[in-house]
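Residues per chain, in single letters:
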Amino acid sequence: MKGLGGSRRLLRAWVVLACAIITPGLALGACKEADRVDEGGLHDKAELPSRIGQRVVFCDDGSRADVDYLGDGLSMAVTWLPRGKTEILRSKATGQDFRGPTMRATIAGGSIAFTSKAGPVRICHRTDERG
């Protein structure tokens, strides 16, 4: 009988495979400026002057994250709401994973899979914040 580690490896492998199949150009759709969301803890232009886009993503586990796309689109600042610490993730090229000291993010279409050293994979989705 497999333990939970086998299920996690299978899920991670599936996420990586699905993301590798999706056209890298789909990641560019996540860089659009989102409608404003009235959320405490969101970054403004003064805090992150190199911000080119912002999204609040809602995760399957009920958590939320403020995702800010920075500079040339190969860096993102991720803050878990409402008061999480911000981590900067960087990608080597368009279509590749974003990586940071404790977290990795893979974008596919309107979803982002966050893999953390401290916990399970979080699957998060863009939504229309207007409700």
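Residues numbered from 1 in each chain as written. Predicted model: local features only at pLDDT ≥ 70, side-chain atom pairs only at ≥ 80, totals over all residues. Heavy atoms only, no water.

Caption draft 1: Looking closely at the overall build of the chain. Helix and strand counts for the chain come out as 1 helix and 8 strands. Residues classed as buried in the chain amount to 36% of the 131 residues present. Counted over contacts in the chain with a minimum sequence separation of 6, partners at least 24 positions apart contribute 33%. Carbon and sulfur atoms make up 57% of the accessible area of the chain, which totals about 7900 Å². (Helix = DSSP H or I, 4+ residues; strand = E, 2+ residues; numbered from the N terminus. Buried < 20%, exposed > 50% of the residue type's maximum accessible area, 1.4 Å probe, protein only. Contact = heavy atoms within 4.5 Å. Areas by Shrake-Rupley, 256 points an atom, 1.4 Å probe, with all protein chains shown as cover.)

Caption draft 2: Summary view of the side chain of D66. Topologically, D66 is positioned in strand 2 (residues 64-70). Judged by its relative accessible area of 0%, D66 is buried. Within polar-contact distance, the side chain of D66 engages the side chain of Q54 at 3.0 Å. (Polar contact = N/O pair within 3.5 Å; in protein donor to acceptor, adjacent residues only side chain to side chain.)

Caption draft 3: Up close: the nonpolar core. Core analysis: the largest hydrophobic core is formed by 16 residues, its most contacted members being V67, M76, V78, W80, I112 and F114. Among the secondary structure elements, those contributing two or more residues to this core are strand 1 (51-59), strand 2, strand 3 (75-81), strand 6 (103-108) and strand 7 (111-116). The residues contacting V78, other than those within four sequence positions of it, are A65, D66, K85, T86, E87, L89, M103 and F114. (Core = buried A, V, L, I, M, F, W, Y, C linked by side-chain atoms within 4.5 Å.)

Caption draft 4: Seen up close, the pattern of salt bridges. Counted according to the given criterion, the structure contains 3 salt bridges. Here R122 ties to D61 by a salt bridge, and the two come within 3.6 Å at their closest N and O atoms. With a gap of 61 residues between them, R122 in strand 8 (residues 122-126) and D61 in the loop between strand 1 and strand 2 connect regions that are remote in the sequence. Salt bridges here are not isolated pairs; linked through shared partners, they connect D97, R99 and R104. (Salt bridge = Lys/Arg side-chain N within 4 Å of Asp/Glu carboxyl O.)

Caption draft 5: Expanded view of the environment of I52. The topology assignment puts I52 in strand 1. Classification of I52 by relative accessible area gives partly exposed; the value is 39%. Placed 24 residues apart in sequence, I52 and M76 show a C-alpha to C-alpha distance of 9.8 Å.

Caption draft 6: Here's a closer look at the environment of D60. Tracing the backbone shows D60 in the loop between strand 1 and strand 2. Along the backbone, D60 and H125 are 65 residues apart, and their C-alpha atoms lie at a distance of 8.1 Å. Once residues lying within four places of it in the same chain are set aside, the contact partners of D60 are I123 and H125. Only 2.9 Å separates the side chain of D60 from the side chain of H125, close enough to count as a polar contact.

Caption draft 7: Region of the structure containing the confidence of the model for the chain. With 59% of its residues at a pLDDT of 70 or more, the chain has an overall mean of 74. Within the chain, the element-level pLDDT minimum falls on helix 1 (residues 4-21), averaging 53, and the maximum on strand 5 (residues 98-99), averaging 97. Low pLDDT (under 50) marks residues 17-41, which in the prediction has 41 contacts with non-local residues, meaning those over four places away or in another chain. (pLDDT = per-residue confidence, 0-100.)

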